[in-house]
Amino acid sequence: MILDLTELELGKHHNLTPAMGANLSHAAAVCINDRGHSKNTSATGKGVYTRNYILKRCDVTDEIKRTWEDMQEATEEGACGVALVQVAKESKYQVIERSRKGTGIDYWLGDNDSFLFQRKARLEVSGSLNGDEGELNKRLKIKIEQTKQSDSTKLPVIIVIVGFAQPMMLTAER
């Protein structure tokens, strides 16, 4: 399955501004490029979404590199970009809004089929630029616990941990 990160720039797979989508796409591209991976690179999905993917990214220009010089921020935002596309392709959900701090999640999800801005699920994302699968699994456990802060909603939650070193997405639902 192809996860075309450039679609974020068009506003696909989320109900955020195209500018935000471009930022997420560019951040992911910088991380993928920084780790020496090609424009169309293989990635492994494990957990709820277990399959092989191709991550398709934009060209990384000097301007994009200068914009995303802070690699910690690029990793966080790039992971969100990958997760938004993966969740939209693999589930019945898409992002409808960003969450406020303190909720234990990053985004609220709604149905792909109806655009009613009704919160149907939650999404928590984490990214790692250099981590191996062991580190990604540790992050997954931490993030599963973190999402309990918003359990009063009784909505399902999807957790996506994105690794850029050996491109991988670990996913869980609860």
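For the structure itself, consult the block above.
Note that this is a predicted model, so its numbers are computed, not measured.

Rules used throughout
- Residues numbered from 1 in each chain as written.
- Predicted model: local features only at pLDDT ≥ 70, side-chain atom pairs only at ≥ 80, totals over all residues.
- Heavy atoms only, no water.
- Helix = DSSP H or I, 4+ residues; strand = E, 2+ residues; numbered from the N terminus.
- Rg over C-alpha atoms; globule rule 2.2 N^0.38 Å.
- Contact = heavy atoms within 4.5 Å.
- Areas by Shrake-Rupley, 256 points an atom, 1.4 Å probe, with all protein chains shown as cover.
- Lys, Arg positive; Asp, Glu negative; His and termini not counted.
- Charge placed at Lys NZ, Arg CZ, Asp CG, Glu CD.
- Pairing = 2+ DSSP bridges.
- Axes fitted to C-alpha atoms, helices over the stretch in contact; angles between N-to-C directions.
- Phe/Tyr/Trp six-rings, centres within 6.5 Å; stacked < 30°, edge-to-face > 60°.
- Lys NZ or Arg CZ within 6 Å of the ring centre and 35° of its normal.
- Buried < 20%, exposed > 50% of the residue type's maximum accessible area, 1.4 Å probe, protein only.
- Core = buried A, V, L, I, M, F, W, Y, C linked by side-chain atoms within 4.5 Å.

## Quick word on the overall build of the chain
At step 1: Check the secondary structure of the chain and you find 4 helices and 8 strands.
At step 2: The N-to-C order of helical and strand elements in the chain reads β-α-β-β-α-α-β-β-β-α-β-β.
At step 3: Taken over C-alpha atoms, the radius of gyration comes to 15 Å for the chain, in line with the 16 Å a tight globule of 174 residues would show.
At step 4: Expressed as lengths along the three principal axes of its C-alpha atoms, the size of the chain is roughly 45 × 35 × 30 Å.
At step 5: Restricting the contact set of the chain to residue pairs at least 6 apart, pairs at least 24 apart contribute 61%.
At step 6: Counting only carbon and sulfur atoms, one obtains 47% of the accessible surface of the chain, whose full area is about 8400 Å².
At step 7: Of note, the chain has its 24 positive side-chain charges centred 4 Å away from the centre of its 24 negative side-chain charges.

## With respect to the sheet that holds strand S2 (residues 40-47)
At step 1: Across the sheet, which stays open at both edges, the 8 strands sit in the order S1-S3-S2-S8-S7-S6-S5-S4 with mixed pairing between neighbours. On the outer flanks of this sheet lie strand S1 (2-4) and strand S4 (93-98), each paired with one strand and no other. Sheet twist, expressed as the mean angle between neighbouring strand axes with direction ignored, is 30°.
At step 2: Bridge count between strand S6 (residues 121-128) and strand S7 (residues 157-163): 7 bridges; the pairing is parallel. When the bridges of S7 are listed, serine 126 appears paired with isoleucine 161.
At step 3: Against the sheet, helix H3 (residues 71-90) makes contact with S1, strand S3 (51-56), S4, strand S5 (107-111), S6, S7 and strand S8 (168-173), and its axis sits at roughly 135° relative to S6, the strand it touches most.

## Examining the packing of aromatic side chains
Aromatic ring pairs are reported here in terms of the distance separating the ring centres and the angle at which the planes meet.
At step 1: All told, the structure shown has 0 aromatic pairs when counted by the stated rule.
At step 2: If you follow arginine 119 out to its NZ or CZ, it ends over the ring of tryptophan 108, 4.1 Å from the centre.

## Quick notes on the environment of alanine 19
At step 1: Here alanine 19 shows up in helix H1 (residues 18-34).
At step 2: According to the relative accessible area criterion, alanine 19 is exposed, its value standing at 52%.
At step 3: It is 9.0 Å that separates the C-alpha atoms of alanine 19 and leucine 8, two residues lying 11 residues apart in sequence.

## Comments concerning the nonpolar core
At step 1: Ranked by internal contacts, the top residues of the largest apolar core, which has 41 residues, are Tyr107, Leu123 and Met169.
At step 2: Breaking this core down by element, the ones donating at least two residues are H1, S3, H3, S4, S5, S6 and S7.

## Here's the deal with unusual backbone geometry
At step 1: Although it is not a glycine, lysine 154 adopts a positive phi angle of roughly 60°.
At step 2: Tracing the sequence through the fold places lysine 154 in the loop between helix H4 (133-146) and S7.
At step 3: The class of lysine 154 is exposed, set by a relative accessible area of 72%.

## Structural notes on the pairing of S2
Every other side chain in a regular strand lies on the same face of the sheet, so the side chains alternate between the two faces.
At step 1: In this structure, S2 lies alongside S3, joined through 6 bridges in antiparallel fashion. Looking at the pairing, serine 42 lines up with isoleucine 54 of S3.
At step 2: The antiparallel hairpin formed by S2 and S3 contains 3 residues in its connecting segment.
At step 3: Here S2 pairs with S8 via 4 bridges, running parallel. What sits directly across from lysine 46, in S8, is leucine 170.

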